[in-house]
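# Remarks on the overall topology
Each chain, letter by letter, is given below.
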Amino acid sequence: MALLDDIDEVLIPEEALKARIRELGQRISTDYAGKEPLLVAILTGAVLFTSDLLRQISIPCQLDFIATSSYGEQVDSSGVVRILKDLNQSIEGRHVIVVDDIIDTGLTMDYLLETLKTRYPASLKVCALLDKLPRRRRFVPIDYRGFEIPDRFVVGYGLDYAGRYRNLPFICVLKTQVYGQAPAIQTQTPAGRSAPA
Ligand code: IMP
Ligand code: MG
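Quick caveat, the model's predicted, so the values are computed rather than measured.

## Topic: unusual backbone geometry
- For the peptide bond that leads from L43 to T44, omega is 0°, which places it in the cis range.
- On the secondary structure map, T44 appears in the loop between β2 (38-43) and α2 (47-54).
- Phi is positive for A162, close to 50°, though the residue is something other than glycine.
- Structurally, the position occupied by A162 is in the loop between β7 (144-148) and β8 (171-174).
- For A162, a relative accessible area of 8% puts it in the buried group.
- Even without being glycine, Y165 reaches a positive phi, approximately 80°.
- Examined against the element boundaries, Y165 turns out to sit in the loop between β7 and β8.
- Looking at Y165, the relative accessible area reads 2%, which means it is buried.

Below, the structure is given as structure tokens:
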């Protein structure tokens, strides 16, 4: 069955993503002129966004990855996030831009920023494609924001439901009946979140 059959509504079409990412890349190129920023992409959801963003940056920059996991519903009470895969390099003295697909409750990014701050970066900024502000539980300073979205569970362009739909080239909402048929191993649920983030 085709993935397209599962889609209820496209929220952000491919062309709008492209245009916005071009703008973000240009802003970063201007803001970091003369520096060499290190983009830290949060696996796995931010991979598509980051790879497109990187190609819109016209100054020298570098790329590293970090993977986090939250403990399912526990994250809602404790905010504890575990680092599953750490950076390959030191960020001491580096101009770091943390890139994520979506800031939802903000718990993941809040924890990561606190952790990265202890490693003495020269600067630390946040770039997020999507901002689901109504769900925010921790303040997160988003320096480069793609789009604000309403409180709806979205997939596509790197974001998944039960590991699927990352390959859709746009941001969309699934038909409600899709959630009943998810495979046993779920990585994301619309209601809360289970590991890994
Ligand atoms: P937060 O810690 O609640 O801000 O959530 C961070 C992570 O949850 C994101 O990086 C996503 O991986 C995941 N997430 C939050 N909302 C959605 C959504 O609407 N669709 C897919 N994944 C989501
Ligand atoms: Mg994520």
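Here the narrative resumes, following the displayed structure.
## Points about the nonpolar core
- L17, F49, L53, L129, L130, V154 and I171 are the most contacted members of the largest nonpolar core, which has 25 residues in total.
- Examining the composition of this core, we find that four residues originate from one element, helix α1 (residues 14-31), more than from any other.
- When near neighbours in sequence (up to four residues on either side) are disregarded, L129 contacts L17, I21, F49, D100, D101, G146, F147, Y157 and I171.
- If you look at the next biggest cluster of nonpolar residues, it comprises 17 residues, including L38, V40, L87 and A128.

Calculation criteria
- Residue numbers restart at each chain and count upward from 1, following the sequence in its written direction.
- For naming, the first written chain is A and the first written ligand is 1, with later ones following in the order written.
- Reporting of local features is limited, given that this is a predicted model, to residues whose pLDDT is at least 70; pairs of side-chain atoms are given and counted only at 80 or more, and all residues count toward the totals for whole chains, interfaces and linings.
- Values reported for side chains reflect all heavy atoms of the structure, with hydrogen atoms and water molecules removed beforehand.
- Secondary structure elements follow DSSP: runs of H or I no shorter than four residues count as helices, runs of E no shorter than two count as strands, and numbering proceeds from the N terminus.
- Note on exposure labels: buried denotes an accessible area under 20% of the residue type's maximum, exposed denotes more than 50%, and partly exposed covers the range between, all computed with a 1.4 Å probe on protein chains only.
- Put simply, a nonpolar core is a bunch of buried Ala, Val, Leu, Ile, Met, Phe, Trp, Tyr and Cys residues held in one set by side-chain atoms that sit within 4.5 Å of each other.
- For this analysis, residues touch if any pair of their heavy atoms sits within 4.5 Å.

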